[in-house]
Amino acid sequence: MSHDLPQEILTDILSRLPVKFLCRFKCVSRSWKTLISSPYLAKTHLNRTKTLKTSLVKFSSRPTISSP
């Protein structure tokens, strides 16, 4: 199909989704199944998740101001 997204863009989009959705999207097509099963997407997804969790921890560890 000539209207497919470039693999780099698709990988970036898919790496932002929860794993639950990625498992469902394996049924979309053979190329999606191959991409979702690839070690590169797994590594990209893991790195993005680690970065997000680190950011959330930094955000949630701010001191809270209590009102008197």
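In the block above lies the structure referred to throughout.
Residues numbered from 1 in each chain as written. Predicted model: local features only at pLDDT ≥ 70, side-chain atom pairs only at ≥ 80, totals over all residues. Heavy atoms only, no water.

(A) Up close: the packing of aromatic side chains. Counted by the stated rule, this structure contains two aromatic pairs. Taking the centre distance of 6.0 Å and the plane angle of 80° together, the rings of Phe25 and Trp32 count as edge-to-face. The class of Phe25 is partly exposed, set by a relative accessible area of 27%. Trp32 gets classed as partly exposed once you look at its relative accessible area, which sits at 23%. Through pairs of rings, three or more aromatic residues link up here, namely Phe21, Phe25 and Trp32. (Phe/Tyr/Trp six-rings, centres within 6.5 Å; stacked < 30°, edge-to-face > 60°. Buried < 20%, exposed > 50% of the residue type's maximum accessible area, 1.4 Å probe, protein only.)

(B) Up close: the pattern of salt bridges. Scanning the entire structure with this criterion turns up two salt bridges. Among the salt bridges present, the one from Asp12 reaches Arg16, with a minimum N-O distance of 3.3 Å. With a relative accessible area of 32%, Asp12 lands in the partly exposed category. Under the relative-accessibility criterion, Arg16 is labelled exposed at 53%. (Salt bridge = Lys/Arg side-chain N within 4 Å of Asp/Glu carboxyl O.)

(C) Geometry of the layout of surface pockets. Taken as a whole, the largest pocket spans an internal volume of roughly 160 Å³. Every residue lining the largest pocket is listed: Asp4, Leu5, Gln7, Leu10, Ser31, Trp32 and Leu35. Going through the elements one at a time, helix 1 (7-14) and helix 3 (30-36) are the ones with two or more residues in the lining of the largest pocket. Broken down by element, the lining of the largest pocket gets its largest block of residues, three residues, from helix 3. In the lining of the largest pocket, the residues fall into four nonpolar, two polar and one charged. (1 Å grid on protein atoms, 1.4 Å probe; cavity = no way out; pocket = protein on both sides within 12 Å on 5 of 7 lines; lining within 4 Å. Points joined across faces, edges and corners; volume = space filled by probe spheres on them. Helix = DSSP H or I, 4+ residues; strand = E, 2+ residues; numbered from the N terminus. Nonpolar A, V, L, I, M, F, W, Y, C, P; charged D, E, K, R; others polar.)

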